[in-house]
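Single-letter residue listing:
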Amino acid sequence: PFTVFAPTDAAFAKIPADQLNALLADKAALTKVLTYHVVGARVMAADVKTGAVKTVQGTPLNVVASSSGVMVNNARVIKTDIAATNGVIHVIDTVVLPN
């Protein structure tokens, strides 16, 4: 089971075109970014807690859960608990990039 923090199309549009094109042209870099959006456990919105969460990529995401919502690094979770056969998807408003 997995949890995927899936950026919207608008989130990808925030990335400058030259950076996005370079990322899309570099399969290793793209894989690193995409796997940074995936956690190796199914975590429903009700179970989200503040703290560092290890990603499939290996670098942790910083999750902050508060009364105003959930942030994943600098991205806001805007839709939660989209069921998938192998986990759950939470939609975010910004692409998160590993350091």
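The notes below deal with the structure included here. Predicted, not measured: the structure shown is a model, and the values here were computed from it. Sequence positions are assigned chain by chain, starting from 1 and proceeding in written order. Local features in this predicted model are restricted to residues whose pLDDT is 70 or higher, and side-chain atom pairs enter the listing and the counts only when it is 80 or higher, whereas totals over whole chains, interfaces and linings include all residues. The side-chain numbers reported here are obtained from all heavy atoms of the structure, hydrogens and water having been left aside.

Here's the deal with the sheet that holds strand S4 (residues 60-66)
- Read from one edge to the other, the open sheet built from 7 strands follows the order S2-S1-S7-S6-S5-S4-S3, with strand pairing classed as mixed. Each edge of the sheet is formed by a strand with only one pairing partner; in this case those strands are strand S2 (38-39) and strand S3 (51-54).
- Here a strand pair is declared whenever DSSP counts at least two bridges between the two strands. Per the convention used, a helix needs a DSSP run of H or I reaching at least four residues, while a strand needs a run of E reaching at least two, with both numbered from the N terminus. With 2 bridges connecting them, strand S5 (residues 69-72) and strand S6 (residues 75-84) associate as antiparallel partners. Across the sheet, the residue bridging to Met 71 is Arg 76, located in S6.

Let's talk about the environment of Ala 41
- Among the structural elements, Ala 41 can be located in the loop between S2 and S3.
- With a relative accessible area of 31%, Ala 41 lands in the partly exposed category.
- Spatially, the C-alpha atoms of Ala 41 and Thr 55 are 9.4 Å apart, while their sequence positions differ by 14 residues.
- Note on contacts: a residue pair is in contact if any heavy atoms of the two residues lie within 4.5 Å. Discounting chain neighbours no more than four positions away, the residues touching Ala 41 are Pro 1, Phe 2 and Thr 3. Here's how the labels work: a residue is buried when its accessible area is under 20% of the maximum for its type, exposed when over 50%, partly exposed in between, all with a 1.4 Å probe on protein chains only.

So, the nonpolar core
- Nonpolar cores were defined as sets of buried Ala, Val, Leu, Ile, Met, Phe, Trp, Tyr and Cys residues, with membership established by side-chain atoms within 4.5 Å. Phe 5, Tyr 36, Val 39, Leu 61, Val 63, Val 70, Val 72, Ala 75, Val 77, Ile 92 and Val 96 together form the largest nonpolar core, which totals 11 residues.
- Mapped onto this core, the elements with two or more residues apiece are S4, S5 and S6.
- Setting aside residues up to four positions removed in sequence, Val 72 forms contacts with Phe 5, Leu 61, Asn 62, Val 77 and Val 96.
- In terms of nonpolar packing, the next biggest core, distinct from the first, is built from 6 residues, Ile 15, Leu 20, Leu 23 and Val 33 among them.

Description of the layout of surface pockets
- Of the volumes computed, that of the largest pocket is approximately 170 Å³.
- Only protein atoms enter the calculation, which uses a 1 Å grid: trapped sets of points that fit a 1.4 Å probe without letting it out are cavities, open sets showing protein on both sides within 12 Å along at least five of seven lines are pockets, and any residue with an atom within 4 Å of a point is a lining residue. Lining the largest pocket are 13 residues; nearest its centre among them are Val 43, Val 48, Lys 49, Val 53 and Val 63.
- When residues of the lining of the largest pocket are traced back to their parent elements, those giving at least two are strand S1 (2-7) and S3.
- Ranked by the residues each element gives to the lining of the largest pocket, the list is headed by S3, at 3 residues.
- When residues are grouped by polarity, Ala, Val, Leu, Ile, Met, Phe, Trp, Tyr, Cys and Pro land in nonpolar, Asp, Glu, Lys and Arg in charged, and all others, Gly among them, in polar. Of the residues assigned to the lining of the largest pocket, the class counts are 8 nonpolar, 3 polar and 2 charged. Grid points are joined across faces, edges and corners, and a volume is the space filled by probe spheres set on the points.

All we've got here are geometric facts, nothing functional implied.
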